[in-house]
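Chains, contacts and geometry: an overview
Each chain, written out:
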Amino acid sequence: MELYMYEILEDYQFAESNAQREELFASFCQMIWESPNQRTIVDKPITFRVKRRLLGTELGQIFSSYSSISHPVCPTSTKSTDFASLIRQKLNNLYTRYFDDSVCCRKEYLNLLRYPKKLYFQWETSLRDETVPWTFSPQALATHLEEHLAKAQQLKETYARETMQLSWQEFQNVAESYFRRLFEHYKPLDEYQNSQELTLYAGAWNEDNFCIRYFCRGLDGYFKNYQKTYYGLYNANSRRGVTYGRCTCGNLFLQNRQHNRKLCDNCRKQSRIHSYSRYNQKRA
């Protein structure tokens, strides 16, 4: 018999003893962590094929050396529709986003990796259509592509510095503490429908949809607050509209109204020390 998420949450809410609540909560956690939708990292290649008639040319040989570029990825979606798989997918994505420095899903980085493929098809088109510009010599092309991939690597390292340090086991413990809060604060769908907080149409929703969305949105918010706490910026009484910046060292910092600020407090201090040091050396 299929178990629904709303049944677990309601049973927890109306349990007669703490022991029953603990049993339900432990069972839920076990279902999430033992879900078949495990987090996996695989190498995904960005590929293209240089046409045989072009392989003998200098440009064709250069493009051929970039015809397969691999990068690690972690699947971000699942075909499964049960609540355990969907919530586990959300957790997998959150760990990739905040804590895994080996995987980079940023659009700017991926566009740089795809650039040789894009440029190859531009060259191939220019051979058929004189209106399509092509100005690269073999040497210029080789230098151009090397610079783009070097920039991609630098960008990946920059994004890697923005991740926080947390093992998967520690992440599970943190996530379970958030599960507990979500269990405690859960309100059934009919309570929302009968209040002014939210209006839903039962024909377009079912209770498990509601519970899954409630959990996913709750986890989003909790891990955003975790990040602020990690960098010492969390303030439960802060108003909306507070803006944060990202330093080149990877630290998150509070911008307040200084929108042109680029460095965190520590890096600003080090920069001043370095500037004073250079100034004193010039005077000496």
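See the structure printed just above.
A brief report on the enclosed structure follows. (Residues numbered from 1 in each chain as written. Predicted model: local features only at pLDDT ≥ 70, side-chain atom pairs only at ≥ 80, totals over all residues. Heavy atoms only, no water.)

1. Quick look at the packing of aromatic side chains
Where two aromatic rings form a pair, the distance of their centres and the angle of their planes describe that pair. Tallying each qualifying case throughout the model produces 36 aromatic pairs. Seen from the ring of Y159, R106 lies directly overhead, with NZ or CZ sitting 4.1 Å from the centre. Looking at R180, its charged tip hangs above the ring of F25, at a distance of 3.9 Å from the centre. (Phe/Tyr/Trp six-rings, centres within 6.5 Å; stacked < 30°, edge-to-face > 60°. Lys NZ or Arg CZ within 6 Å of the ring centre and 35° of its normal.)

2. Digging into the environment of S85
Within the element layout of this structure, S85 appears in helix α4 (residues 83-99). Sequence-wise, S85 and W33 are 52 residues apart; in three dimensions their C-alpha atoms are separated by 9.4 Å. When sequence neighbours within four positions are dropped, the list of residues in contact with S85 reads S35, N37, T78 and S80. (Helix = DSSP H or I, 4+ residues; strand = E, 2+ residues; numbered from the N terminus. Contact = heavy atoms within 4.5 Å.)

3. Some thoughts on the nonpolar core
F28, F179, F215 and F223 are the most contacted members of the largest nonpolar core, which has 41 residues in total. Mapped onto this core, the elements with two or more residues apiece are α1 (5-13), α2 (18-33), α4, α7 (168-185) and α9 (207-230). The leading source of residues in this core is α9, at 10 residues. When neighbours within four sequence positions are excluded, F223 is seen to be in contact with L94, Y98, F99, F171, V174, A175 and Y178. Listed in part, the 23 residues of the second largest apolar core include V50, L113, A152 and L155. (Core = buried A, V, L, I, M, F, W, Y, C linked by side-chain atoms within 4.5 Å. Buried < 20%, exposed > 50% of the residue type's maximum accessible area, 1.4 Å probe, protein only.)

4. Some thoughts on the side chain of R39
Its location among the elements puts R39 in the loop between α2 and β1 (42-47). A distance of 3.0 Å separates a polar atom in the side chain of R39 from a polar atom in the side chain of T96. Polar side-chain contacts of R39 include one of 2.6 Å to the side chain of D100. Residues within four places of R39 in sequence aside, it is in contact with C74, R88, N92, Y95, T96, D100 and W168. (Polar contact = N/O pair within 3.5 Å; in protein donor to acceptor, adjacent residues only side chain to side chain.)

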